[in-house]
Amino acid sequence: MQRLNGGAKLVSAVVLSGAVLLAAETRKEFHFTVGARPTVSVTNQYGSVSVKPATANQVTVTAILRSDKVEIDKGQSGNRVDLLSHLLDGANAENGRVDYELAVPSDASVILSSTSGPLRAEGLHGDVTLEGANTNVDVREISDAHVHVKTLNGPITLTNIRDGHVEITSVSGNITLHSVSGPHVQVNSNSGWIRYDGDFGYGGEYYLSSHTGDIDATAPQDASIDITARSVRGKVENDFPLQPKHTPFVVKAGSAFAGTMNRAASSVKLFSFSGKIHLKKR
Amino acid sequence: MTCAEFQQVLPEMLEGDRNTEHAAHLASCSACSDLISDLKAISEAARQLRALDEPSPRVWNSLEIELRREGLIRQPQREPALVPSRARRPWAWMVPVAAVLLVGFGIIVYQRGSDQQAEMAKNQAPVAPAVAVLPASNVSPSHRSDDDRQLLEAVGTRSPETRAQYAVDLNHVNAYIQDAEQSAQSDPNDEDAQQSLLNAYDQRAMLYQMALDRSLP
């Protein structure tokens, strides 16, 4: 009986502390009516930001605030909506956390930044700019738009980006591009690896570079590319039979290769200082 | 009512002060009617532009955090409110003052940098043109390490973990810069090395920007 009482006390304590936490948590919802091609920005210190497309000309924001140590500054200026997690005195990574979910018109341009929470945007055809320090980034189903990502750490994944103007810079985040194509795709990593799996589109410029991170590019046999790959100190491998082409540097077997495939519509440059580079056949 | 008379009362018209005589002239005169439409469109566009010029809340927040840290303002004793407005910012007058100070400081730093560059140019042997055009390649490693030390001290006030992470990232970035500089110097015509040097400095700039952005911890 005594043991039962002890267990009951423990359960009560857990339930009570959970209830206190839940009580401190606040859910807020905001609505903004906007015109065509609005701009929506969210600046969050701790917590996630997720953006999905909506059908109406309205921005709907659902925010979960973990405590009263953080508030949301929101404002609308014309066709621009700004949201900012405003940390108050005593806020930290736990009680200053805000998780945002936004539904925006699909032609909206979004600018999201977070230090540590994941950033996610999908289903848009407006420009997407994501920035964070230790941040997981997931961008998918974007077309006819600029996609700019800057992070220090944390993985970055781009999936199904069509006709994109893509620029990614990361210090040590691993970068995965799956079915990403467009007139301009530039990826600059330091120690994180870069993996590209796609057909390099038709007529774009692709520049993937790293300092020490490996670069893997997987393409189908009918990819139409003019490719140059070079690693200053790392190894270079190529699974495709390429037509030779002139290069401004001396091609050393194992550290560089260059050539064209099919109609050579897209220009592809892979460059690393000490990372391995591998052009793979799908 | 003639067109000339009508145009004399345009300002009042635009503010909505309109009588039956004005309305009758507008209905009968396409030139004045078009003029009113154009002025309204310009006025609306100007309003939109003013709205776009408003800095984002992130700028206000960074300034507020910095001013609070400096002790120039204190946490307002109020109920949490959601809408940021100029009325809520009694310290808003400091923003232009701070901006002027920042611009002045920037000019001094720029001039000093230019003087140092001129001095260095006098003392140094000519470098290959392709390397010389790179904007940051004249930042010496010792200057970099001084800057880095100050940066790490600044981020170290937040948490030891943050400092450690930034130290690792800075090491990565500086190694990248060093490799790219060596490659660019050994072959000034190496476009990949030139591009890598720009990329490496871009990463360094990004790292500094994120570290010093007070709205990001």
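Residues numbered from 1 in each chain as written. Chains lettered and ligands numbered in written order. Predicted model: local features only at pLDDT ≥ 70, side-chain atom pairs only at ≥ 80, totals over all residues. Heavy atoms only, no water.

Caption draft 1: Seen up close, the packing of aromatic side chains. Residues and elements named next belong to chain A. Here the structure, examined in full by the defined rule, presents 5 aromatic pairs over all chains. Look at tyrosine 196 and phenylalanine 200: their rings are 4.3 Å apart centre to centre, the planes differ by 15°, and that puts the pair in the stacked class. Exposure remark for phenylalanine 200: the relative accessible area of 0% places this residue in the buried category. Note on phenylalanine 200 and tyrosine 206: the rings are 5.2 Å apart at their centroids and 85° apart in plane angle, and the pair reads as edge-to-face. Judged by its relative accessible area of 2%, tyrosine 206 is buried. Taken together, the aromatic side chains of Tyr196, Phe200 and Tyr206 make up a single cluster linked through ring pairs. (Phe/Tyr/Trp six-rings, centres within 6.5 Å; stacked < 30°, edge-to-face > 60°. Buried < 20%, exposed > 50% of the residue type's maximum accessible area, 1.4 Å probe, protein only.)

Caption draft 2: Inspection of the side chain of serine 41 of chain A at higher detail. Residues and elements named next belong to chain A. With respect to the element layout, serine 41 can be found in strand E2 (residues 39-44). Among the residues examined, serine 41 registers a relative accessible area of 11% and is labelled buried. Setting aside anything within four residues of it in sequence, one finds serine 41 in contact with Val81, Asp82, Leu83 and Ile111. (Helix = DSSP H or I, 4+ residues; strand = E, 2+ residues; numbered from the N terminus. Contact = heavy atoms within 4.5 Å.)

Caption draft 3: How the structure looks around the sheet that holds strand E24 (residues 277-281) of chain A. Residue and element names in this part refer to chain A. The strand order across the open sheet built from 12 strands is E1-E4-E7-E3-E9-E11-E13-E15-E17-E19-E24-E21, with neighbouring strands paired in mixed fashion. Of all strands in the sheet, those with a lone pairing partner are strand E1 (26-33) and strand E21 (236-238), marking the two edges. On average, each strand axis in the sheet is tilted by 10° relative to the strand beside it, whichever way the strands run. (Pairing = 2+ DSSP bridges. Axes fitted to C-alpha atoms, helices over the stretch in contact; angles between N-to-C directions.)

Caption draft 4: Spatial organisation of the pairing of strand E7 (residues 98-105) of chain A. Residue and element names in this part refer to chain A. Burial analysis of E7 places 6 of its 8 residues in the buried class, which makes it a mostly covered element. Judged from the 6 bridges that link them, strand E3 (residues 49-54) and E7 form a sheet pairing that is parallel. Following the sheet pairing, lysine 52 is matched in E7 by alanine 103. Note that strand E4 (residues 58-65) and E7 share 6 bridges and pair antiparallel. Its bridge partner lying in E7, leucine 65 is registered against valine 98.

Caption draft 5: The side chain of serine 231 of chain A, seen in detail. Residues and elements named next belong to chain A. Among the secondary structure elements, serine 231 is positioned in strand E20 (residues 225-231). Serine 231 sits in the buried class, given a relative accessible area of 1%. With sequence-adjacent residues up to four places away left out, serine 231 is seen in contact with Val236, Ser255, Ser272, Phe273, Ser274, Gly275 and Ile277.

Caption draft 6: Quick peek at the sheet that holds strand E6 (residues 80-87) of chain A. All names here are of chain A. Ordered by their spatial adjacency, 12 strands build an open sheet running E5-E6-E2-E8-E10-E12-E14-E16-E18-E23-E20-E22, and the pairing between neighbours is mixed. What marks the edges here is a single partner per strand, and that holds for strand E5 (70-77) and strand E22 (256-261). Taking each pair of neighbouring strands and ignoring which way they run, the sheet shows an average axis angle of 5°. Of the pairings in the sheet, the one linking E2 to strand E8 (residues 109-114) comprises 6 bridges and is parallel in character.

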